Amino acid sequence: MGDLRFGQVIGYLPDLLDGVVVTLCLSGVSVSLGLVLGLALALARYSGLPVLNWPAYAFIEFFRTTPPLVQIVWLYYGLPALVGHDLDAFWSAAVALGLNIAAFFAEIFRAGIAGIDRTQWQAARVLGLGLGDTLRFVILPQALRAVLPPTGTTVIYLVKGTALATAIGTPELLRVGQLIALETFRPVETLTIVAIAYFVLTYPIALAFQALERRMAASRI
Amino acid sequence: MAGPASQPLVVIDRMVKRYGAETVLDGISLSVSAGQVMVVIGPSGSGKSTLLRCLARLEPIQQGRILIEGVAVSTGTEESSPAPDAAALARLRHEIGMVFQSFNLFPHLTVLENVTLAPRRVRGMAPVEAEALAIELLRRVGLEDKRDVHPARLSGGQQQRAAIARALAMEPRIMLFDEVTSALDPELVGEVLKTMRGLAEQGMTMLVVTHEMGFARDVADDVVFMDRGAIVERAPPDRIFSAPAEARTRAFLERLLEREGGSRRAR
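This section reports on the structure supplied with the text.

Conventions we followed
Residues numbered from 1 in each chain as written. Chains lettered and ligands numbered in written order. Predicted model: local features only at pLDDT ≥ 70, side-chain atom pairs only at ≥ 80, totals over all residues. Heavy atoms only, no water. Helix = DSSP H or I, 4+ residues; strand = E, 2+ residues; numbered from the N terminus. Rg over C-alpha atoms; globule rule 2.2 N^0.38 Å. Buried < 20%, exposed > 50% of the residue type's maximum accessible area, 1.4 Å probe, protein only. Contact = heavy atoms within 4.5 Å. Areas by Shrake-Rupley, 256 points an atom, 1.4 Å probe, with all protein chains shown as cover. Lys, Arg positive; Asp, Glu negative; His and termini not counted. Charge placed at Lys NZ, Arg CZ, Asp CG, Glu CD. Phe/Tyr/Trp six-rings, centres within 6.5 Å; stacked < 30°, edge-to-face > 60°. Lys NZ or Arg CZ within 6 Å of the ring centre and 35° of its normal. 1 Å grid on protein atoms, 1.4 Å probe; cavity = no way out; pocket = protein on both sides within 12 Å on 5 of 7 lines; lining within 4 Å. Points joined across faces, edges and corners; volume = space filled by probe spheres on them. Nonpolar A, V, L, I, M, F, W, Y, C, P; charged D, E, K, R; others polar. Expected span 1.5 Å × (residues − 1).

**With respect to the overall build of chain B**
- A count of helices and strands for chain B gives 9 helices and 10 strands.
- Against the 2.2 N^0.38 benchmark of 18 Å for 267 residues, chain B shows a C-alpha radius of gyration of 19 Å, consistent with a compact globule.
- Dimensions of chain B, computed from C-alpha atoms along their principal axes, come out at roughly 55 × 55 × 40 Å.
- Residue burial in chain B is summarised as follows: out of 267 residues, 54% are buried.
- A sequence separation of at least 24 residues applies to 63% of the contacts in chain B between residues at least 6 apart.
- Approximately 12000 Å² of chain B is accessible, and the part contributed by carbon and sulfur atoms is 48%.
- Averaging the coordinates of the 33 positive side-chain charges in chain B and doing the same for the 34 negative ones gives two points 1 Å apart.

Here it is in structure tokens:
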């Protein structure tokens, strides 16, 4: 069959839209979790205190070096077996992806913080600023500039990574696409539309990060 | 013994600072009275900057004590000592301001924000109040028209004057200056030294590490010569420059004047 027929698939657009909403929610939850946890892990690593550094190090390396697909499956099927308490398919995927992305954010943030000259910490210290204020007003605002581009890339990677939730049946974009493909026998057309949907979701994120970068560059003069 | 009224503002008592096996400060004792300007000179690696950094509590010390108004704010890590009163300690730590060779302004903040940050966050001043204080200080250092500019837009001399204003905003009783003109183009040195002279005239207690012998001669009450982690000699400037008691001091000053002779006078 040499021809491509999109007509049949078009009828399923409302279903695909539902999938887009789930993908967005998955991304939103896991990115939020990842940012907060990632910053905490980065600070724990940067602190150099063994009690904080080592658990953070173990967490980061564990989640960086095992496949996110397996992490999702562990959380969905493994957690109930371990603690007798289960998460539904959406939350299993959201939490697993959040923990996974936190490990990557942590390394980005740690590098960003480490990139700030030691003399900035010293200047804050002799002014009497505490650790919290030093981070909030001196270090993190400067680190933000450096971490913005890799953070944007990681967020985009994560949005597409939510497709892994298909494995446990979360009705996100790719899962919906697969079901439509099964019904219509038009996998190429369906997946092409799914890919376009991912592009429509992620490209604005790329643009937003670029705009943020430009704004930060301009505000410094 | 002297009563509390004449008690020195800062007392350094047999302070030892080591990095690993290397001893950088070897039992330094020094006292500075309120209103005194003390200039510390010496060859590079003699420990003068480390001395200031220990005073500013940027470095822990291994032995000895640093007292401000008779209260130990730093104690050697190798010594057991009673825990000092935390509240008094917090207050006294704000009594020391420091200005660095590399300015270390916060590049993402305007000059005004650089100066108001610590008064607002550490002293708990209201934004309006902190701003009024900052504007007054910027006027004193001649930067009132640069308040809304980011540091990158300033010359080195302007940045250093902004850094002085920032340190003064905490209303410290002692100001430490760590080679604050060494990173400046020669034509910008004068404006920073002028600001420092002004401070000295207003009675600020100052500890100044510098290679500007003219400043030492004119402004210092006492000059301290350090070499290899120890204080070799302490004397008023006219004596130390005309008739140093120690051979090492003399050799250092001769080398310095020889080098400076070609380019500019020592003044």
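From this point on, the discussion continues.
**Quick look at helix 6 (residues 118–126) of chain A**
- When helix 6 of chain A is considered as a whole, its buried residues turn out to be Gln120, Trp121, Gln122, Ala123, Ala124 and Val126 of chain A.
- Where helix 6 of chain A is buried, its residues contact helix 2 (13–47), helix 5 (89–114) and helix 7 (131–161) of chain A together with helix 1 (48–55), strand 6 (96–99) and helix 5 (156–168) of chain B.

**Regarding the packing of aromatic side chains**
- In this structure the tally under the stated criterion is 10 aromatic pairs over all chains.
- A centroid spacing of 5.2 Å and a plane angle of 15 degrees characterise the contact between Phe199 of chain A and Tyr203 of chain A, whose relative ring orientation is stacked. Taken together, the residues span about one helical turn, with Phe199 of chain A and Tyr203 of chain A both in helix 9 (residues 187–219) at a distance of 4 residues.
- For Phe199 of chain A, a relative accessible area of 49% translates into the label partly exposed.
- Take Tyr203 of chain A: its relative accessible area is 41%, and that puts it in the partly exposed class.
- An aromatic cluster of three or more residues is present, and its members are Phe59, Phe62, Phe63 and Trp74 of chain A.
- Stacked on the ring of Phe106 of chain B, the Lys or Arg Arg166 of chain B has its end atom at 4.5 Å from the ring centre.
- For Arg217 of chain B, the ring lying beneath its charged end belongs to Phe241 of chain B, and the centroid distance is 4.9 Å.

**Comments concerning empty space enclosed by the protein**
- Tallied over the entire structure, the rule returns 1 cavity of 30 Å³ or more.
- The calculated volume of the largest cavity comes to roughly 80 Å³.
- Considering the residues around the largest cavity, the lining is formed by 14 residues, among which Val126 and Leu127 of chain A together with Gly97, Met98 and Ala167 of chain B are closest to the centre.
- With 4 residues, the single largest contributor to the lining of the largest cavity is strand 6 of chain B.
- When grouped by side-chain class, the residues that make up the lining of the largest cavity number 11 nonpolar, 2 polar and 1 charged.

**Some points on helix 2 of chain A**
- Here helix 2 of chain A is 35 residues long and its end C-alpha atoms lie 50 Å apart, about the 51 Å a rise of 1.5 Å per residue gives.
- Where helix 2 of chain A ends, the next residue or the one after it, Gly48 of chain A, has phi of about 75 degrees, a positive value.

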